[in-house]
Amino acid sequence: MAPQFHRVPYVSDIGATKEMQPMFIIGCVLTTFLLAGCFIAERALRHKGRLARNTDTTEKVVAYLSIVSAVIGSMGLIFLSIFDVCRYKKVHNTMVGFFIGGYAVSAVFQFWEHYRMGCKYRDTHANLVISAYTKLVFIGIEGVLGIAYWYVFMAQNWDAGAAIEWAVSYVFCFYILSYLFDFLPALTTKKKDCRFGAYVEDCMAQVNMCRERVSVQEVRGVAPG
């Protein structure tokens, strides 16, 4: 954005300055590598049983679709830092769309995968459902901010647009930090005998049934057994 049209600086304006652009590019590239590392680590840990294993092929496909979407978002983030808003405004804005859209779609797939797993592991891996709803909150906030940005952009309210862009940046930072929570179970599964085995539907159904029966007996005041 041209500075004469607004008083609040955009993230893009700061990143487009001669002094800050190299650091802006490096920061964006490091962010993409960090997220790529998170996705790769999650797949590796699930495969090794350090995290709860996927229960079916659908979850694995959704997980890989999430990675593909994140790659698209990552490319958008890198290119928006390279093609600055001052000299390549159209390309820059297009890359912003790829960045937000790619990671939003990735979060949708993440929510889908974790929610499916959380429903099946509901009594043994409560963190999966929490993780799923964390991704859902991110999707909702990014969706609202995206609609708001489009509205103020059409209204040419550049100061409001700058504020929304900063909000998107901070929300994205919290989204990255949310992956730390997803990796917490791996801290207790370093030893091979503590790792998660393959999902067996009949066994999990029996476990859930037994726990529900015990809960009902406790409510009724009957000793389990």
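What counts, and at which threshold
Residues numbered from 1 in each chain as written. Predicted model: local features only at pLDDT ≥ 70, side-chain atom pairs only at ≥ 80, totals over all residues. Heavy atoms only, no water. UniProt positions renumbered as here; feature names shortened; annotations may be inferred. Helix = DSSP H or I, 4+ residues; strand = E, 2+ residues; numbered from the N terminus. 1 Å grid on protein atoms, 1.4 Å probe; cavity = no way out; pocket = protein on both sides within 12 Å on 5 of 7 lines; lining within 4 Å. Points joined across faces, edges and corners; volume = space filled by probe spheres on them. Nonpolar A, V, L, I, M, F, W, Y, C, P; charged D, E, K, R; others polar. Core = buried A, V, L, I, M, F, W, Y, C linked by side-chain atoms within 4.5 Å. Buried < 20%, exposed > 50% of the residue type's maximum accessible area, 1.4 Å probe, protein only. Contact = heavy atoms within 4.5 Å. Salt bridge = Lys/Arg side-chain N within 4 Å of Asp/Glu carboxyl O. pLDDT = per-residue confidence, 0-100.

Participant: Report on the UniProt feature "transmembrane region" (unreviewed entry) in the chain, specifying residues and quantitative values.
Facilitator: The UniProt record annotates "transmembrane region" (unreviewed entry) at residues 20–41, 61–83, 95–112, 133–152 and 164–187. Strand forms 0% of residues 164–187 and helix 79%; the C-alpha atoms that close the span are 37 Å apart.

Participant: Run through the layout of surface pockets, naming residues and quoting values.
Facilitator: Each pocket or cavity is described by its volume, and for the largest pocket that value is around 890 Å³. Taken together, 36 residues line the largest pocket, and the ones lying closest to its centre are Val96, Phe99, Ile100, Glu165 and Val168. If you list the elements that add at least two residues to the lining of the largest pocket, you get helix 1 (11–15), helix 2 (21–48), helix 3 (57–82), helix 4 (89–120), helix 5 (126–154) and helix 6 (158–182). Grouping the constituent residues of the lining of the largest pocket by class yields 25 nonpolar, 9 polar and 2 charged.

Participant: Would you mind going over the environment of Val108 in detail, with residue names and values included?
Facilitator: Along the chain, Val108 falls in helix 4. When the C-alpha positions of Val108 and Phe138 are compared, they lie 9.3 Å apart, and in sequence the two are 30 residues distant.

Participant: An account of the nonpolar core is requested, with residue identities and associated values reported.
Facilitator: Where a protein is soluble and globular, its nonpolar side chains tend to be buried together. Among the nonpolar cores identified, the biggest contains 27 residues, and Phe172 and Tyr179 are the most heavily contacted of them. Within the residue set of this core, elements represented by two or more residues are helix 2, helix 3, helix 4, helix 5 and helix 6. The element contributing the most residues to this core is helix 6, with 7 residues. Discounting residues that sit within four places of it in the chain, Phe172 has contacts with Thr31, Leu35, Phe99, Tyr103 and Phe138.

Participant: Which residues make up the pattern of salt bridges, and what are the values?
Facilitator: Pairing is possible between side chains of opposite charge, provided their charged atoms come close. Per the stated rule, a full pass over the model turns up 7 salt bridges. Measuring nitrogen to oxygen at the nearest pair gives 3.2 Å for the salt bridge that ties Glu113 to Arg43. A residue pair is termed long-range when its members are at least 10 positions apart, and Glu113 in helix 4 and Arg43 in helix 2 qualify at 70 residues. We note a salt bridge from Lys120 to Asp56, for which the minimum N-O separation is 2.8 Å. Of this pair, Lys120 sits in helix 4 while Asp56 is found in the loop between helix 2 and helix 3, placing the two residues 64 residues apart along the sequence.

Participant: Report on empty space enclosed by the protein, specifying residues and quantitative values.
Facilitator: Overall, the coordinates contain 1 cavity of 30 Å³ or more when judged by the stated rule. Taken as a whole, the largest cavity encloses approximately 60 Å³ of empty space. Contributing to the lining of the largest cavity are 11 residues, with Arg46, Leu51, Asn127, Leu128 and Asp182 lying nearest its centre. No other element matches the 3 residues that helix 5 contributes to the lining of the largest cavity. Classifying every residue of the lining of the largest cavity gives 5 nonpolar, 4 polar and 2 charged.

Participant: Kindly report on the confidence of the model for the chain, identifying the contributing residues and their values.
Facilitator: Per-residue confidence for the chain averages 80 on the pLDDT scale, and 82% of its residues sit at or above 70. Mean pLDDT across the elements of the chain bottoms out in helix 7 (residues 201–220) (50) and peaks in helix 3 (91). Below a pLDDT of 50 lies the segment residues 202–207, which in the model reaches 4 contacts outside its immediate sequence neighbourhood of four places, other chains included.

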